Amino acid sequence: MGLYLGVMSGTSLDGLDIALIEQGEHIELLATHYLPMPTELRQALLDLCTSGPDEVARVALAENLWAALAARGILDLLDHHALQPKDIRAIGSHGQTIRHEPARGFTVQIGNPALLAELSGITVVADFRRRDVAAGGQGAPLVPAFHETLFGHLEQPLAILNVGGFSNLSLIAKDKPVRGFDCGPGNVLMDAWIERKRGQAYDANGAWAACGAVQPALLTSLMADPFFAGSGPKSTGREVFNLRWLDSHLAALPAYRDEDVQATLLEVSAQSIIDSLNTAQQGTRTLLVCGGGAHNGALMARLAIGLPGVKVSSTAEQGVDPDWVEAMAFAWLAHCCLEGIPANRPSVTAAKGLRVLGAIYPA
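All residue numbers here refer to positions counted from 1 along the written sequence of the relevant chain. Local features are withheld for residues below a pLDDT of 70 in this predicted model, meaning they are given only at 70 or higher, and side-chain atom pairs are given and counted only at 80 or more; totals for whole chains, interfaces and linings count all residues. Note that water and hydrogens are dropped before the side-chain values are worked out from all heavy atoms of the structure.

Naming follows an unreviewed UniProt entry, where the chain appears as Anhydro-N-acetylmuramic acid kinase of Pseudomonas parafulva. According to UniProt, the comment filed for the chain under the heading Catalytic activity (unreviewed entry) is "1,6-anhydro-N-acetyl-beta-muramate + ATP + H2O = N-acetyl-D-muramate 6-phosphate + ADP + H(+)". Annotation of the chain in UniProt includes, under Sequence similarities (unreviewed entry), the sentence "Belongs to the anhydro-N-acetylmuramic acid kinase family." UniProt positions are given in the numbering used here, feature names are shortened, and annotations may be inferred rather than shown by experiment.

Asker: So what's going on with the pairing of strand S3 (residues 27-36)? Which residues, and what values?
Answerer: Strand pairing is defined by DSSP finding a minimum of two bridges between the two strands. Strands here mean DSSP runs of E at least two residues long; helices mean DSSP runs of H or I at least four residues long; both are numbered from the N terminus. As defined by bridge partners, strand S2 (residues 15-23) adjoins S3 across nine bridges and the pair is classed as antiparallel. Counted as the bridge partner of Ile21 is Leu29 from S3. Following S2, the chain reverses through three residues before pairing antiparallel with S3.

Asker: How would you explain the sheet that holds strand S8 (residues 166-172) if you had to name every residue and give the values?
Answerer: Strands sit in the order S9-S8-S7-S10-S11 across an open sheet of five strands; the sheet is mixed. Each edge of the sheet is formed by a strand with only one pairing partner; in this case those strands are strand S9 (179-185) and strand S11 (311-314). Averaged over all pairs of adjacent strands, the angle between strand axes in this sheet comes to 20 degrees, irrespective of strand direction. Across four bridges, the pairing between strand S10 (residues 286-290) and S11 is parallel. Looking across to S11, one finds that Leu288 is bridged to Ser313. Helix H12 (residues 297-306) rests against strand S7 (158-163), S10 and S11 of the sheet, and its axis sits at about 160 degrees to S11. To obtain an axis, a line is fitted to C-alpha atoms, over the contacting stretch when the element is a helix, and the angle between two such axes runs from 0 to 180 degrees between their N-to-C directions. Note on definitions: a residue-residue contact is assigned when non-hydrogen atoms from the two residues lie within 4.5 Å.

Asker: How would you sum up the UniProt feature "binding site: ATP" (unreviewed entry) in the chain? Please name residues and give values.
Answerer: Cross-referencing UniProt, the feature "binding site: ATP" (unreviewed entry) maps to Gly10, Thr11, Ser12, Leu13, Asp14, Gly15, Leu16 and Asp17 in the present numbering. Once residues lying within four places of it in the same chain are set aside, the contact partners of Asp14 are Tyr34, Pro36 and Met37. The residue Asp17 is located in strand S2 in this model. When near neighbours in sequence (up to four residues on either side) are disregarded, Asp17 contacts Gly6, Val7, Met8, His33, Tyr34, Asp323, Trp324 and Ala327.

Asker: Quick one: what's the story with the environment of Leu222, residue by residue and with numbers?
Answerer: Topologically, Leu222 is positioned in helix H8 (residues 216-223). The spatial distance from the C-alpha of Leu222 to the C-alpha of Leu246 is 7.7 Å, given a sequence separation of 24 residues. Leave out the neighbours within four places in its chain, and Leu222 touches Phe228, Trp245, Leu246, His249, Thr264, Leu265 and Val268.

Asker: For the environment of Phe166, give the residues involved together with the corresponding values.
Answerer: As for its position among the elements, Phe166 is in strand S8. In this structure the C-alpha to C-alpha distance between Phe166 and Phe241, which are 75 residues apart in sequence, comes to 9.2 Å. Among all residues touching Phe166, those that are not within four sequence positions of it are Thr11, Gly184, Pro185, Gly186, Val188, Thr236, Gly237, Arg238 and Phe241.

Asker: Explain unusual backbone geometry to me, and be specific about the residues and the numbers.
Answerer: Residue Pro141 follows Ala140 across a cis peptide bond; omega there is -10 degrees. If you trace the backbone, Pro141 turns up in the loop between helix H4 (129-134) and helix H5 (144-151). In this model, Gly232 is joined to Pro233 through a cis peptide bond whose omega is 0 degrees. Mapped onto the elements of the fold, Pro233 is located in the loop between helix H9 (226-229) and helix H10 (243-250). Residues other than glycine seldom take positive phi values, yet Asp54 does so here, at roughly 55 degrees. Mapped onto the elements of the fold, Asp54 is located in the loop between helix H1 (39-47) and helix H2 (55-80). Phi angles above zero are rare outside glycine, and Asp127 is one such case at about 55 degrees. By secondary structure assignment, the location of Asp127 is in the loop between strand S6 (124-126) and H4. A simple rule labels every residue: compare its accessible area, found with a 1.4 Å probe on the protein chains alone, to the largest value its type can have, and call it buried under 20%, exposed over 50%, or partly exposed in between. Under the relative-accessibility criterion, Asp127 is labelled partly exposed at 23%.

Asker: Just give me the short version of the nonpolar core, but keep the residues and values in it.
Answerer: By nonpolar core is meant a set of buried Ala, Val, Leu, Ile, Met, Phe, Trp, Tyr and Cys residues that side-chain atoms within 4.5 Å join together. The biggest cluster of nonpolar side chains holds 42 residues, and the ones touching the most others in it are Leu169 and Leu287. The element best represented in this core is helix H11 (residues 258-280), accounting for eight residues. Other than its neighbours up to four places away in sequence, Leu169 contacts Pro144, Ala159, Ile160, Leu161, Arg179, Gly180, Phe181, Cys183, Ile273, Ser276, Leu277 and Leu287. Counting residues in each nonpolar core, the second largest holds 35 residues, with Ala90, Phe146, Cys336 and Ala343 among its members.

And the structure:
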């Protein structure tokens, strides 16, 4: 039993999600808080995703700002709900991923957990991914074990799809270990393209993509990336899928209308998910969607069309708000760490075995 906070800052870099859960016989979401990412911090974090000058100092400054932002949000949430830091057993902090290259043996999440513990007065558990990578795993995705805990009682075979900056699947089937892997870009390319062309942070409900038409030659070119051909375990990030990657494909093809590019990027996201699910778990009955992509009506409609016989719905239909599943997962991961419960899954990440994940920074 205990109260835990989860702090999630994803690849979309739109803001920090903070979730308060009670961990008992069941997991209950008690409260949430969202903090938009300040423009300067967002740009600093984006810049750190590629090599540049004075990186060590820039990382240190950016993670201090991130920790201060997280602490402010946590204390605001506690104040609003008449709670004290002593009431919270631990914070599970994902931090901000700035590099993810498991093939080269590393993944980097920043967020200065020592400073976060100091500012919040609460024990922090952080750095969840590197132990799995040290054990030969991908370090991602980590949420399938939590998805199994949360939804494993439902009719199977079942799939949980998280669509954030990137999309990942959790596959749950009777008498089989949970499986999971990244499918490819979720919102990351669509967000980057609409920001470049229209100055908007994201394509609300997929409305701009719906105005365009999928371009077969561009789709074929994009889907030829070797990542899509592989089967799990696998994970990816901005190191692979970014505007430079898109521009390299566009440069070799005729000019397209901006909205047609957006429509094709949505199709890449949808098709990579559809292909992944059909290959990895035939007979899936239900696909539950969480993350920002659950609010993209055009994407949800495309998934429903491309997966006949599969009921596609938001996790909200199971009483779990799709916006908070990942933050809840990192609160749960903090609980697992403090209790010495292994939380990775070798069937997901290809690690050598089960490992307790996270490093503890006492208050």
